[in-house]
Amino acid sequence: MLTQIERQFNIPTSLVGFINGSFEIGNLLLIIFVSYFGTKLHRPIMIGIGCAVMGLGCFLISLPHFLMDRYEYESTVSISSNLSSTSFLCTENGTETSTPTHDPSECVKEVKSFMWVYVLVGNIIRGMGETPIMPLGISYIEDFSKSENSPLYIGFI
């Protein structure tokens, strides 16, 4: 999935890694508040709100699929040129007709679309929504289920 995001939006790998870690960033933003208020508020309602927020995040993540033009696949590269010791990592202008280069400073990617921001924000919101599910869900199961059934229910989570 990560390589497809990198190719579709033409973004650097470091940004794809940031998008991947944004779930945990969203989770960390709320974990202290959820842990504190989880003992004071109604846990099933907080878990339900978290599920609704996760749904909103998943909706935002899916928006680029519907708002962008069709995905343009790259042209295939022959196997011999991939395995060759003289193969180049990029070309000067990023087009098929441009000349190959060894200079990494010329390998600049132009971002095709800023739709990746929807994926980033959706992933952060999805992480925020997941925050109440694990700590509050496990403690709720421990408190209100039979002790012999708790491991099964926690395994489902």
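Residues numbered from 1 in each chain as written. Predicted model: local features only at pLDDT ≥ 70, side-chain atom pairs only at ≥ 80, totals over all residues. Heavy atoms only, no water.

Trainee: Would you explain the environment of Leu 2 in this entry?
Mentor: Its place among the elements puts Leu 2 in helix α1 (residues 2-9). A residue is classified by how much of its surface remains accessible, and Leu 2, at 32% relative accessible area, is partly exposed. Distance in space between the C-alpha atoms of Leu 2 and Gly 17 is 8.1 Å, their sequence separation being 15 residues. What Leu 2 contacts, discounting residues up to four positions off in sequence, is Val 16 and Asn 20. (Helix = DSSP H or I, 4+ residues; strand = E, 2+ residues; numbered from the N terminus. Buried < 20%, exposed > 50% of the residue type's maximum accessible area, 1.4 Å probe, protein only. Contact = heavy atoms within 4.5 Å.)

Trainee: Would you mind showing me how to read the nonpolar core here?
Mentor: Soluble globular proteins tend to bury their nonpolar side chains together. One finds Ile 5, Phe 9, Ile 11, Leu 15, Val 16, Ile 19, Met 68, Met 115, Trp 116, Val 119 and Leu 120 forming the largest nonpolar core, which totals eleven residues. Looking at this core, the elements with two or more residues in it are α1, α2 (13-37) and α5 (116-130). For Ile 19, the residues in contact, after removing those within four places along its chain, are Ile 11, Trp 116, Val 119, Leu 120 and Asn 123. By size, the runner-up hydrophobic cluster in this structure holds five residues, among which are Val 34, Met 46, Ile 133 and Leu 136. (Core = buried A, V, L, I, M, F, W, Y, C linked by side-chain atoms within 4.5 Å.)

Trainee: Looking at this structure, I do not really get the pattern of salt bridges. What am I missing?
Mentor: Pairs may arise between side chains of opposite charge once their charged atoms sit close together. Scanning the entire structure with this criterion turns up one salt bridge. Ionic pairing is found between Arg 43 and Asp 143, a salt bridge with its closest N-O pair at 2.9 Å. In this pair, Arg 43 sits in helix α3 (residues 43-67) while Asp 143 sits in helix α6 (residues 133-144), placing the two residues 100 residues apart along the sequence. (Salt bridge = Lys/Arg side-chain N within 4 Å of Asp/Glu carboxyl O.)

Trainee: Can you walk me through α5 in this structure?
Mentor: An α-helical turn contains 3.6 residues, so any two residues separated by three or four positions project in the same direction. For α5, which comprises 15 residues, the first-to-last C-alpha distance of 21 Å matches the rise-based estimate of 21 Å (1.5 Å per residue) to within 8%. For α5, every residue scored as buried is listed here: Trp 116, Val 119, Leu 120, Gly 122, Asn 123, Ile 125, Gly 127, Gly 129 and Glu 130. (Expected span 1.5 Å × (residues − 1).)

Trainee: I tried to follow the UniProt feature "transmembrane region" (unreviewed entry) in the protein chain on my own but got confused; where do I start?
Mentor: With numbering aligned to this structure, UniProt lists the feature "transmembrane region" (unreviewed entry) at residues 12-38 and 44-63. With 100% helix and 0% strand, residues 44-63 has end C-alpha atoms that lie 29 Å from one another. (UniProt positions renumbered as here; feature names shortened; annotations may be inferred.)

Trainee: Is there a simple way to think about the packing of α1 against α2 in this case?
Mentor: Geometry of a packed helix pair, given as the angle between the helix axes and the separation of the axes. At a minimum axis distance of 10 Å, the contact between α1 and α2 shows a crossing angle of 125 degrees. As far as their axial angle goes, α2 and α1 are oblique. Between α1 and α2 lies a crossing of right-handed hand. Two secondary-structure elements touch here, α1 through Leu 2, Ile 5 and Glu 6 and α2 through Thr 13, Val 16 and Asn 20. When grouped by side-chain class, the residues that make up the contact of α1 with α2 number three nonpolar, two polar and one charged. (Axes fitted to C-alpha atoms, helices over the stretch in contact; angles between N-to-C directions. Parallel < 35°, antiparallel > 145°, perpendicular 65-115°, else oblique. Left-handed = near helix turned anticlockwise from the far one by under 90°. Nonpolar A, V, L, I, M, F, W, Y, C, P; charged D, E, K, R; others polar.)

Trainee: How do you make sense of the packing of α3 against α6 when you look at a structure like this?
Mentor: Across the interface, α3 lies against α6 with an axial gap of 10 Å and an inter-helix angle of 145 degrees. With respect to the hand of their crossing, α3 and α6 are arranged in left-handed fashion. Each of Arg 43, Pro 44, Met 46, Ile 47, Cys 51 and Met 54 in α3 lies in contact with α6, whose residues at this interface are Ile 133, Leu 136, Gly 137, Ser 139, Tyr 140, Asp 143 and Phe 144. Considering only residue class, the contact of α3 with α6 consists of nine nonpolar, two polar and two charged.

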